[in-house]
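Spelled out, the chains give:
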Amino acid sequence: MFIHSMLFEIQPEEVIQYRQDSKMWASHARKAKGFVAYRTMQRFDFKNQYASVYEWQTKSDHDRFMNKYHDRLVTKSKSKVKVLGCFNLKAIDRVRK
């Protein structure tokens, strides 16, 4: 499992547009090979911070999607965001109920 997460600072007046942009990105991702899930997260106890979190079966699935769609989706996105960080994570253990 490969997880790609982008952490953003987003002003309150931009949150609705950010969520619409996120759904646009996710709708493209869900059609891509290896896509598992997407979540929009609000950072707890941090003002104006949100994360877009994508789960992929492999890093190569993620890379294929980004190479094909990233630049096009950035130009279509309308919200004003400040990127605070990018996190690429590899799952090691997983425990589910």
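As the structure is a prediction and not an experimental result, all values here were calculated from the model.

Scoring rules and cut-offs
Residues numbered from 1 in each chain as written. Predicted model: local features only at pLDDT ≥ 70, side-chain atom pairs only at ≥ 80, totals over all residues. Heavy atoms only, no water. Salt bridge = Lys/Arg side-chain N within 4 Å of Asp/Glu carboxyl O. Helix = DSSP H or I, 4+ residues; strand = E, 2+ residues; numbered from the N terminus. Phe/Tyr/Trp six-rings, centres within 6.5 Å; stacked < 30°, edge-to-face > 60°. Buried < 20%, exposed > 50% of the residue type's maximum accessible area, 1.4 Å probe, protein only. Lys NZ or Arg CZ within 6 Å of the ring centre and 35° of its normal. Pairing = 2+ DSSP bridges.

Chemist: Can you lay out the pattern of salt bridges for me, pointing to particular residues and giving the numbers?
Modeler: In total, this model carries four salt bridges according to the counting rule given. The closest approach of N and O atoms between Asp 61 and Lys 33, which form a salt bridge, is 3.7 Å. Of this pair, Asp 61 sits in helix α2 (residues 59–76) while Lys 33 sits in the loop between α1 (15–29) and β2 (35–42); the two residues are 28 residues apart in sequence, bridging distant segments of the chain. A single salt-bridge network, built from bridges that share partners, covers Lys 33, Asp 61 and Arg 64.

Chemist: Account for the packing of aromatic side chains, naming residues and giving values.
Modeler: Evaluation of the coordinates by the stated rule reveals six aromatic pairs. On the numbers, 5.3 Å between centres and 35° between planes, the contact of Trp 56 with Phe 65 is tilted. Its relative accessible area of 3% is what places Phe 65 among the buried residues. Through successive ring pairs, a cluster of aromatic residues spans Phe 35, Trp 56, Phe 65 and Tyr 69. The residue whose ring lies beneath Arg 43 is Phe 46, and the NZ or CZ to ring-centre distance is 3.6 Å.

Chemist: Pulling in residues and values, what's your account of the pairing of strand β3 (residues 49–56)?
Modeler: Most of β3 sits out of view: eight of its eight residues are buried. Covered by surrounding structure in β3 are Gln 49, Ala 51, Val 53 and Glu 55 together with Tyr 50, Ser 52, Tyr 54 and Trp 56, the residues of both alternating faces. Inspection of the sheet shows strand β1 (residues 2–9) paired to β3 by eight bridges, in the antiparallel sense. Bridge assignment links Ser 5 to a residue of β3, and that residue is Val 53. Here β2 pairs with β3 via seven bridges, running antiparallel. Its bridge partner lying in β3, Thr 40 is registered against Ser 52.

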